[in-house]
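Survey of secondary and tertiary structure
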Amino acid sequence: MGDFLKVFLFYTWVICGLFVFGGCGGSPSDPDEAKRWAPIESLNQSVWWMNAFGLHDVLFVVGGTPEEGKLMQKSGDEWREVTLPESVPLLNWGHALGDGSVFVVGNSGSVALFDQEWMLLQTPTDQNLWGVWGAAKNDVWAVGGSGRVGGEAVILHWDGRSWSKIDFPALERANVFAFFKVWGFDRDDVYVVGQRGAVLHFDGDQWQEIFVDTGEDLISLWGAVSMDNSEKIMVMVGGRSNGVVVVGRNGEFQTRSVAPLPGLNGVWMNARREVWVAGLFGTLARINLETFEFVREEVSSFRTLHSVFGIGMDYKITVGGNLENVEGPFEGIGMENIP
Amino acid sequence: MKFYVSKLILITKIFVLLWVGCSEDNTKDEVAEGIFGIMGDSVSFATEEQKQTFERGREVLLHRFTEEEGLGPHFNVTFCGSCHERPVVGGGAGRYRDFLLVSQQLYGTSIPTSVNGIQPQFHTEDLRHETDPATNHTAKRNPIPFFGVGLLAEIPEEEILSRADAPDEDGDGISGRPNYDRGFVGRFGRKSQTVSLEGFVRGPLFNHAGITSFPLSEEKKRLLPIPSPGRDVAFLQGLMRWVVPSVFAQAAAPDDPIVDDDDVPDPELSEDALFDLISFVMLLAAPEPDPLNAQSRAGKDLFTQIDCTGCHVPALRGPRGLIPAYTDLLLHDMGDELADGVMMGVAIGSEFRTAPLWGVAATGPYLHDGRADTLRQAILAHGGEALGSRDRFEALSEQEQSNVIAFLDSLGGSDQKSEGLLPPNTPLALPDELGGPLAELAGEERARFLRGRDLFDRDVFLDEGLGNSFNGDSCRACHFEPVMGGAGPQGVNVIRYGFFDEQGVFVFPPTGTMAARHQRSVSRSEPMDPTDEQLRTFEVRQTPALFGLGRIEQVPEEEILANEDPEDENQDGIRGVAHRLPSGILGRFGWKASIPSAGAFTRDALSNEIGITLPEVSEISPQGPESQFGLLEDDDGILDPEFLPDDVESLTFFMQQLAPPPAPERGAAFDEGLALFEEVGCAHCHVPFLRDAEGAQIWLYSDLLLHDVAAPDYKGVAEGQATHRQFRTPPLWGITHTAPYMHDGKSVTLQKAIEAHHTEAATAKHNFQALSPTEKIKLLQWMQAL
């Protein structure tokens, strides 16, 4: 390499370093800078963060370590830790309902409910619960499973008084030992995704297995209804190596590998039907639902992102951690995009 | 602030790496220096420290894992080198190491079943790993050689992507598209489904041997010989593909710890051992090509003219210069005939990675499922995007085709090519060495022994009659531990099966008790009898060593019968029953003493284990016991008999002449051990010596009789007159070379083997357990010296 190039690189490095340090002190002068993802410094970085969720101006993140779950709530610009009545293991997902009640689920069948106050609920399973969604305070679904041979994929239902394990038809798809997420358009239009491309649909009466043309693990899902109520769009994401995106329109599904995007864990769609996905190696991207093309968004992290969520049109948050490092030390990350 | 600091560190890393990367001349048009070597050697640019790591890695690759170290619970093999041995460690393997990819095909999707889509043959608890009931599709895979893979790991992504032409925009009929693995361009595996060598080591280690591992730490990754910085840099590479050379792709190793449910703590492979193993793989030299001669030069020109180079591009540009692997590392549609229905990453069933051709001369069989024994067969099996080239090849004259083959043969490894595993011109072992003959051989006998040895070693090709069902494609495939003619590890165990009726009586399956591990066809059908599975029982049997076979053959029947005591008349609890075969002759070989002679052993093994048809016995030995053994015909479409009389004779001669393991030195220590052996009662069955017709002692430590030494609840597989619980007393000579022990190989040490004895051997076992620790050690050391 010529000396000129070395000198060039050196000075570029210095300038770059100054630029980065320069960013520490104050607001960025570039208007676009304001739209970039920034770390949430007040989130504990020594635990995993599995999910960000909320409703209107209420925002939570859940996570923890395999032994101890953590729950944080954002109040104004501040994040504060919520103390549950008893210690719970890792919390994996949450769902906030319009009436202010909040459900969070976690490992070993853990469920906590906020209804005026936080309380732990008994469940009929010791399987890890990965997803929760409800149409109403007395109509909530939770799903989970170990994902390993000998485990059990479970669907639980909360009727306002107790959780019960719901029978679902024997799956044609073999070796499904976990369901990962549940999401619904309404009480009679609920979807569950899981291991090896498993998808179930609940029509208000019964669960039915449906096939969306993938054998990859489907990790998460989100939906939106068009303004004129004519179209229900469902986006499912997954893949352990390469990213997979499934787009359903009124029950018709299209599936694509979105490689080179790696495996995806989280998806969120806003009212304009703009879709963000989160995944391995700090992957955060927007997906075009028509073409399946994607545009990466830089979050300056190589940690696994497990969830992406937004409130309104502008605020977005993504969380994750070194989820592969099950033995610890644990590292978590939260990034937000604030207008 | 913390965030910005880490950001600066990352940027610093990028610049440092760019600096280092730029200090190499990336525009070299010459073949990279120091990349070639003899197959199995390291690249010459490796540092001394790396070469030491390489050697340690080779040891890990050859290490036989035991259950105590974490083998299983599912497994196909007990060591990595099982499948990477041809022509030397790090290479491919014959058909006996083929394995099955299994899946559930459901509405157009392919869902891996069993162990990550791999079908293990064995299970440490259940003996045979059950087929996942959901499996409705199987595809065969032949192990893939590793030579030069570290160099392929360094190829920048943009170099691979520059040749992608997925919609075939140039209209040449060849498209080519990349596969991806976690966001990086894949380059390893039959479908380019894997990007990292760490992943390509850890995955199969678990899938095929059940050995768990954790990912290398970031610090260790950075020390690997092929640049493999941590995931942070990999991440930035993902973002800045246009700036940062993609040598960082190694970092995209599967991050998840691999764990299992056996009793051995995870990880079962230490990080240091994993590091050494990955380093070994990364440093394996590319096969040194031969200088072109007139024929191979003409072949090279033809290779280009018929557009084989459309996919097998002569070289890719790496950071060290050109890497002449003759691959584009892209996926190509190879047509319906080769399609295997397996989807990996973005690859569909008919898509395969262009296989590198360096060293192709010595790494057959060819194609993903090893269906081609020769390069010509491999070329003619090409379809899809390669159909044009295939047709142009077929249209060449015979001489021109030979030229093309000569060119391919010149791409390295031709000097190391072997019909089996013995390197060319391997000298004969001496009479006092394992694998050597009984005595110095000369003249015709020596030539016959060598011919027998070569036949023992060499693979039987499909068009030579390899069976519809088979366990091995050569004799050596099972008998190689510690040298050719020896025993076999658990990964080549034979599986026998049968049924017990409701009264508990063993019922022989109508098709025989052998559940062969392999089938000639591309996909495997379930070989089992459809009889009630609840009543089915399996037994695995280890491959016994053949040393001294000819000496055992020389023991007269009356010498064996002298130790018989079927009614336990001496009331010592030990019976001992000779296995008299339907022909009236005594059996003396095999776990059930069902084989009477070396000739019969040859015929039985050739037909039952390899699936070869044999000439009428009358042509060899009209009155011999061999007449009951060997298939005369089969329906594989190959003219019967598939082995010539002379070949059978040479093979038999070789086995008859294999000397017993070298005897231990006699003296006080030996006598003391022997006295303990006798005092404990082992010698009741493991009779130290039998005499031949001349009265000479043969110290084999066996009475060659059947005994019930099974646990009270044991249900095995009967054979002939041997009940499902009886086994022949195995000779103990050379036992130190044949671990693990007992018929099923479940006893890792001699002590465990002794403790696994029951019933007739219960007293001896208890006597052993009652020995003082010093006496136990003395006895075990004595046995190890046999």
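As the structure is a computational prediction, the values presented were derived from the model and not from experiment.

Each value, and the rule that gives it
- Residues numbered from 1 in each chain as written.
- Chains lettered and ligands numbered in written order.
- Predicted model: local features only at pLDDT ≥ 70, side-chain atom pairs only at ≥ 80, totals over all residues.
- Heavy atoms only, no water.
- Helix = DSSP H or I, 4+ residues; strand = E, 2+ residues; numbered from the N terminus.
- Rg over C-alpha atoms; globule rule 2.2 N^0.38 Å.
- Buried < 20%, exposed > 50% of the residue type's maximum accessible area, 1.4 Å probe, protein only.
- Contact = heavy atoms within 4.5 Å.
- Areas by Shrake-Rupley, 256 points an atom, 1.4 Å probe, with all protein chains shown as cover.
- Pairing = 2+ DSSP bridges.
- Axes fitted to C-alpha atoms, helices over the stretch in contact; angles between N-to-C directions.
- Phe/Tyr/Trp six-rings, centres within 6.5 Å; stacked < 30°, edge-to-face > 60°.
- Lys NZ or Arg CZ within 6 Å of the ring centre and 35° of its normal.
- Parallel < 35°, antiparallel > 145°, perpendicular 65-115°, else oblique.
- Nonpolar A, V, L, I, M, F, W, Y, C, P; charged D, E, K, R; others polar.
- Patch = residues over 30% accessible without salt bridge, like charges linked within 9 Å, V, L, I, M, F, W, Y side chains within 5 Å.
- Salt bridge = Lys/Arg side-chain N within 4 Å of Asp/Glu carboxyl O.
- Lys, Arg positive; Asp, Glu negative; His and termini not counted.
- Charge placed at Lys NZ, Arg CZ, Asp CG, Glu CD.
- Disulfide = S-S within 2.5 Å.
- Expected span 1.5 Å × (residues − 1).
- Arc of directions from axis to C-beta.
- Polar contact = N/O pair within 3.5 Å; in protein donor to acceptor, adjacent residues only side chain to side chain.
- pLDDT = per-residue confidence, 0-100.

Next up on the list: the overall build of chain B. Within chain B, the regular secondary structure consists of 21 helices and 24 strands. For chain B, the C-alpha radius of gyration of 28 Å lies close to 28 Å, the compact-globule estimate for 786 residues. Considering only C-alpha atoms, chain B reaches an extent of 85 × 70 × 55 Å along its principal axes. Burial statistics for chain B: of 786 residues in total, 61% are counted as buried. Once local pairs closer than 6 in sequence are excluded, the contacts in chain B between residues at least 24 apart make up 71%.

Our next topic: the overall build of chain A. Tallying secondary structure elements over chain A gives 1 helix and 28 strands in all. Sequence separation of at least 24 residues holds for 44% of the intrachain contacts in chain A that already meet a minimum separation of 6. Of the roughly 14200 Å² that chain A leaves accessible, carbon and sulfur atoms contribute 49%.

The subject of this paragraph is the sheet that holds strand β20 (residues 242-249) of chain A. Residue and element names in this part refer to chain A. If you walk across this open sheet you meet the 4 strands as β18-β19-β20-β21, and the pairing is antiparallel. Edge positions in the sheet fall to β18 (218-225) and β21 (252-262), since each of these pairs with one other strand and no more. Across the sheet, the mean angle from the axis of one strand to that of its neighbour is 20°, orientation sign disregarded. The pairing of strand β19 (residues 232-238) with β20 spans 6 bridges and is antiparallel. Note that in β20 the partner of Val237 across the bridge is Val245.

All names here are of chain B. Enumeration over the complete set of coordinates arrives at 44 aromatic pairs over all chains. Across from the ring centre of Phe352, 4.3 Å away, lies the NZ or CZ of Lys191, which sits over that ring. Looking at Lys715, its charged tip hangs above the ring of Phe500, at a distance of 4.9 Å from the centre.

This paragraph deals with the packing of helix α13 (residues 443-457) of chain B against helix α17 (residues 645-657) of chain B. Residue and element names in this part refer to chain B. Interaxial distance between α13 and α17 falls to 7 Å at its minimum, and their mutual angle equals 100°. Taken together, the axes of α13 and α17 lie roughly perpendicular to each other. Between α13 and α17, the contacting residues are Glu445, Arg448, Phe449, Arg451, Gly452, Arg453, Leu455 and Phe456 on the first element and Asp646, Asp647, Glu649, Ser650, Leu651, Phe653, Phe654, Met655 and Gln657 on the second. Partitioned by chemical class, the residues of the contact of α13 with α17 number 7 nonpolar, 3 polar and 7 charged.

Taken together, the side chains of Asp186, Asp188, Asp203 and Asp205 of chain A present a region of like negative charge at the surface. Mapped onto the elements, Asp186 of chain A comes out in strand β14 (residues 179-186).

Cis geometry marks the peptide bond from Ala259 of chain A to Pro260 of chain A; its omega dihedral reads 15°. Locating Pro260 of chain A in the fold gives a position in strand β21. One non-glycine residue, Ser108 of chain A, adopts positive backbone phi at about 55°. Here Ser108 of chain A shows up in the loop between β7 (102-106) and β8 (111-115). The class for Ser108 of chain A is partly exposed, based on a relative accessible area of 44%. A positive phi is found at Asp168 of chain B, a non-glycine position, where the angle reads about 55°. Its location among the elements puts Asp168 of chain B in the loop between α4 (157-161) and β9 (180-181).

Let us look at the state of the cysteines. All names here are of chain B. Evaluation of the coordinates by the stated rule reveals 0 disulfides over all chains. No disulfide involves Cys308; its nearest neighbouring cysteine sulfur is the one of Cys311, lying 8.9 Å away. Judged by its relative accessible area of 15%, Cys308 falls in the buried class. You can see Cys475 has no disulfide; the closest cysteine sulfur is in Cys478, sitting 8.9 Å from it. With a relative accessible area of 12%, Cys475 lands in the buried category.

When two helices pack together, their arrangement is given by the angle between the helix axes and the distance between those axes. Residue and element names in this part refer to chain B. Two elements in contact, helix α2 (residues 48-62) and helix α8 (residues 271-283), have axes whose closest approach is 7 Å; the angle formed by their N-to-C orientations is 105°. Judged on the interaxial angle alone, α8 and α2 are roughly perpendicular. Residues Gln50, Thr53, Phe54, Arg56, Gly57, Arg58, Val60 and Leu61 of α2 form the contact with α8, whose participating residues are Ala273, Phe275, Asp276, Leu277, Ser279, Phe280 and Leu283. Looking at the contact of α2 with α8 residue by residue, the class counts come to 8 nonpolar, 4 polar and 3 charged.

Three or four residues apart is the spacing at which side chains of an α-helix point the same way, because the helix has 3.6 residues per turn. All names here are of chain B. When the terminal C-alpha atoms of α2 are compared, their 21 Å separation across 15 residues agrees well with the 21 Å that a helix rising 1.5 Å per residue should span. Burial in α2 covers these residues: Thr53, Phe54, Gly57, Arg58, Val60 and Leu61. Each buried residue of α2 sits inside an arc of 160° when the element is viewed along its axis, so together they form one side. Exposed side of α2, more than 90 degrees from the buried face: Glu48, Glu49 and Glu59 are the residues found there. Each element contacted by the buried residues of α2 is listed here: α8.

What follows covers the sheet that holds strand β23 (residues 275-279) of chain A. All names here are of chain A. If you trace the 4 strands from one edge of the open sheet to the other, you get β22-β23-β24-β25, paired in antiparallel fashion. For this open sheet the edge positions go to β22 (264-269) and β25 (294-296), each flanked by a neighbour on one side alone. Averaged over all adjacent pairs, the angle separating strand axes in this sheet is 25°, with direction ignored. The pairing of β22 with β23 spans 5 bridges and is antiparallel. Within the sheet, the bridge partner assigned to Trp268 lies in β23 and is Trp276.

All names here are of chain B. Tallied over the entire structure, the rule returns 49 salt bridges over all chains. Across the pair Asp457 and Arg476 runs a salt bridge whose closest N-O atoms are separated by 2.9 Å. Of the two residues, Asp457 sits in helix α13 while Arg476 sits in the loop between β16 (469-470) and β17 (494-500), which places them 19 residues apart along the sequence. Both residues of the pair, Asp457 and Arg476, count as buried. Across the pair Arg476 and Asp459 runs a salt bridge whose closest N-O atoms are separated by 2.8 Å. Taken as a pair, Arg476 in the loop between β16 and β17 and Asp459 in the loop between α13 and β16 lie far apart in primary sequence, 17 residues in all.

Here the focus is the side chain of Lys191 of chain B. Residues and elements named next belong to chain B. In this structure, Lys191 sits in the loop between β10 (184-185) and α5 (197-209). On the basis of relative accessibility, which here comes to 0%, the residue Lys191 falls in the buried class. One polar contact links the side chain of Lys191 to the main-chain carbonyl oxygen of Glu351, over a distance of 3.1 Å.

A few words on α8 of chain B. All names here are of chain B. Spanning 13 residues, α8 covers 18 Å between terminal C-alpha atoms, matching the ideal 18 Å at 1.5 Å per step. In terms of burial, α8 is a largely internal element, 11 of the 13 residues being buried. Three or more residues of α8 are buried, namely Ala273, Leu274, Phe275, Asp276, Leu277, Ile278, Ser279, Phe280, Val281, Met282 and Leu283. On the buried face of α8, the contacting elements are α2, α3 (149-153), α5 and α6 (218-223).

Chain-level pLDDT for chain A is 89 on average; 90% of the residues reach the 70-or-more range. Predicted confidence is poor over residues 1-34 of chain A, with pLDDT under 50, and the contacts of this stretch with residues over four places away or in other chains come to 28 contacts.

Should pLDDT be low for a region, the predicted coordinates there are not to be read in detail. Residue and element names in this part refer to chain B. The predicted model of chain B has a mean per-residue pLDDT of 90, with 90% of residues at 70 or higher. Between residues 1-10, whose pLDDT stays under 50, and residues either more than four places distant or in other chains, the model counts 18 contacts. The complex prediction reports pTM at 0.90, with the ipTM value standing at 0.87.

Residue and element names in this part refer to chain B. As for its position among the elements, Asn293 is in the loop between β11 (286-287) and α9 (294-305). Overall, the relative accessible area of 43% leaves Asn293 in the partly exposed class. Between the C-alpha atoms of Asn293 and Ala711, which are 418 residues apart in sequence, the distance is 65 Å. In terms of polar contacts, Asn293 uses its side chain to reach the backbone amide nitrogen of Gln295, at 3.1 Å. A polar contact of 2.7 Å, which involves the side chain of Asn293, links it to the backbone nitrogen of Ser296.

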